[in-house]
Amino acid sequence: MKRRFLATVDSVAEAVREGRKEKGWTQAELAVKAKVGRRFIVELESGHMRAELGKVLGVLRVLDIHAVALPSVASNVRLEDIDLDEELKRFG
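Quick look at the structure, then. (Residues numbered from 1 in each chain as written. Predicted model: local features only at pLDDT ≥ 70, side-chain atom pairs only at ≥ 80, totals over all residues. Heavy atoms only, no water.)

Right, let's talk about the packing of helix H2 (residues 27-34) against helix H4 (residues 53-62) for a bit. Where H2 meets H4, the axes come as close as 9 Å, and the angle between the chain directions of the two elements is 105°. Comparing the axis directions of H2 and H4 gives the class roughly perpendicular. Residues Leu 30, Lys 33 and Ala 34 of H2 form the contact with H4, whose participating residues are Gly 58, Val 59 and Val 62. (Axes fitted to C-alpha atoms, helices over the stretch in contact; angles between N-to-C directions. Helix = DSSP H or I, 4+ residues; strand = E, 2+ residues; numbered from the N terminus. Parallel < 35°, antiparallel > 145°, perpendicular 65-115°, else oblique. Contact = heavy atoms within 4.5 Å.)

This is how it looks when you write it as structure tokens:
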């Protein structure tokens with residue numbers, strides 16, 4: 001499983017698009033499985049700013065993508081430089 005930070009709309013859009021493609025599903029197939037409309041998937045994958053959170057979480061669940069809330073980090077630290085496993089041990 002690829003580890004990533006879902007910190008922006010674009011990162012969520014990329015995760016959904018990649019997750020769907022890894023499963024070999026069309027947008028329509030993902031929409032049916034997540035019980036949302038195809039248009040919602042299209043907008044989500046394009047980074048639409050007003051996607052309904054409950055629906056987004058449902059899509060992520062169907063794709064087996066888990067969002068984990070982590071404590072904030074110092075502003076001079078980049079998210080890419082954080083060892084997620086170490087952070088989870090520290091706060092887990």
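Text resumes after the structure shown.
Moving on to the side chain of Arg 20. Among the secondary structure elements, Arg 20 is positioned in helix H1 (residues 9-23). Every residue in contact with Arg 20, bar those within four places of it in the chain, is listed here: Trp 25, Thr 26, Gln 27, Leu 30, Glu 45 and Leu 63.

Looking at soluble globular proteins, one finds that nonpolar side chains tend to be buried together. One finds Val 16 and Val 59 to be the most contacted residues of the largest nonpolar core, which totals 16 residues. Elements supplying a minimum of two residues to this core: H1, H2, helix H3 (38-45) and H4. Those residues in contact with Val 59 that sit more than four places away from it in its chain are Val 16, Leu 30, Ala 34, Val 36, Phe 40, Ile 41 and Leu 44. (Core = buried A, V, L, I, M, F, W, Y, C linked by side-chain atoms within 4.5 Å. Buried < 20%, exposed > 50% of the residue type's maximum accessible area, 1.4 Å probe, protein only.)

Once that is clear, we can look at unusual backbone geometry. The backbone phi angle of Lys 35 is positive, close to 60°, even though this residue is not glycine. Here Lys 35 lies in the loop between H2 and H3. Judged by its relative accessible area of 76%, Lys 35 falls in the exposed class. Despite not being glycine, Asp 64 has its phi angle at roughly 60°, a positive value. Secondary-structure assignment places Asp 64 in the loop between H4 and helix H5 (84-91).

Note that all results are geometric; they support no functional claim without further evidence.
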